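A closer look at the structure
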Amino acid sequence: MAEMAILIDVSRCTACRACQVACKEWNRLPGETTTFTGSYQNPPDLSATTWTLVQFRESADGDGLHWRFRKAQCMHCTDAICYAVCPNDAITKYPEGNVVINQERCQGCLRCVESCPFQVPHLNPTTKKTAKCRGCVDRVMNGLPPACVKTCTSGALQYVGRARLLREAKARRDKLFPRGVIYGEREMGGLHVLYLLPGPPALYGLPEGLAGGGALGAALDRATRFALSGHGIADW
């Protein structure tokens, strides 16, 4: 199978959160008990049992109030820091782009948690192992799209070859969003979750400055300092 990717066109997202439900259902992840915090975003963050989350952001300017939605999940980086820092060979990178944690090999050392620039992996307090989106590797290896893509009714999610997605995203950006950004083309060596953004990444809670080769080195330095500090499961 060719190198694949998900393209998330945030301008088409209606925040219906069907992707959240589909992820929970396919991966048999339990629901979480939450309380209202003043935002429609729920749960408040990704966790070891919430692998995809539609984030809500509000801002106001001279044109009025703006709501911005973004589906957050593992980015499945080409230069995956979690893969580079794992001391137990518990993370597998697939040619298609999926980056997957092997629960049987994970020892919960937390280096992937500390190192991820997108703050995706989380420790499961019950199993003492980290968990995150698997990119529905079991589905895609059998010719099916990820569950979140399958359930999206607004056309905000696409799953095909990465090169094709980049061409289509650039064409749509050039036509509709003169100041738009294709996030993920170069970040962390190239992400397998791409975003078409009408505006700057910061408006959508995405970190910038990850497109250069120094991003991986800086993250590896953080992971090394964390490992040498002696922190681990006992501190959680």
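Presented here is an overview of the structure given in this document. Since the structure is predicted, the reported quantities are computational estimates derived from the model, not experimental observations.

On to the pairing of strand β2 (residues 53-61), then. Of the pairings in the sheet, the one linking β2 to strand β3 (residues 64-72) comprises 9 bridges and is antiparallel in character. Bridge assignment links Q55 to a residue of β3, and that residue is R70. Between the end of β2 and the start of β3, which pair antiparallel, lie 2 residues.

Counting 54 residues, the largest nonpolar core has M75, F118, Y183 and Y195 as the members making the most contacts within it. Non-local contacts of Y183, meaning those with residues more than four positions away in its chain, are made with F118, L191, V193, L194, Y195, L197, P201, L206, P207 and L210. Residues V160, L165, L166 and L194 belong to the second largest nonpolar core, which totals 10 residues.

Turning next to the pattern of salt bridges. Applying the stated criterion across every chain, the model contains 6 salt bridges. Across the pair D9 and R12 runs a salt bridge, and its minimum N-O distance is 3.8 Å. Through salt bridges with shared partners, one network takes in D9, R12 and R172.

Let's shift gears to helix α1 (residues 18-27). Listed as buried for α1 are C19, Q20, A22, C23, K24 and N27. Among the structural elements, β2, β3, α5 (147-151) and β8 (157-161) are those in contact with the buried residues of α1. Downstream of α1 by a residue or two, R28 has a phi angle that is positive, lying close to 55°.

Turning to helix α6 (residues 162-176), a few remarks are in order. Here α6 contains 15 residues, and its C-alpha end-to-end distance of 21 Å stays within 8% of the 21 Å for a straight helix at 1.5 Å per residue. Along α6, the positions that sit buried rather than exposed are R162, L165, L166 and A169. Down the axis of α6, the sector holding all buried residues measures 100°, keeping them to one side. Exposed positions of α6 whose direction lies more than 90 degrees from the buried face are R167, D174 and K175. Where α6 is buried, its residues contact β1 (4-9), β8, β9 (181-183) and β10 (193-197).

The next subject is the environment of S11. Along the chain, S11 falls in the loop between β1 and α1. A C-alpha to C-alpha distance of 7.9 Å links S11 and L196, two positions 185 residues apart in sequence. In contact with S11, other than residues within four places in its own chain, are R172, F177 and P198. At a separation of 2.5 Å, a polar atom in the side chain of S11 contacts the side chain of D9. Within polar-contact distance, the side chain of S11 engages the side chain of R172 at 3.3 Å.

About the cut-offs
- Residues numbered from 1 in each chain as written.
- Predicted model: local features only at pLDDT ≥ 70, side-chain atom pairs only at ≥ 80, totals over all residues.
- Heavy atoms only, no water.
- Pairing = 2+ DSSP bridges.
- Helix = DSSP H or I, 4+ residues; strand = E, 2+ residues; numbered from the N terminus.
- Core = buried A, V, L, I, M, F, W, Y, C linked by side-chain atoms within 4.5 Å.
- Buried < 20%, exposed > 50% of the residue type's maximum accessible area, 1.4 Å probe, protein only.
- Contact = heavy atoms within 4.5 Å.
- Salt bridge = Lys/Arg side-chain N within 4 Å of Asp/Glu carboxyl O.
- Expected span 1.5 Å × (residues − 1).
- Arc of directions from axis to C-beta.
- Polar contact = N/O pair within 3.5 Å; in protein donor to acceptor, adjacent residues only side chain to side chain.

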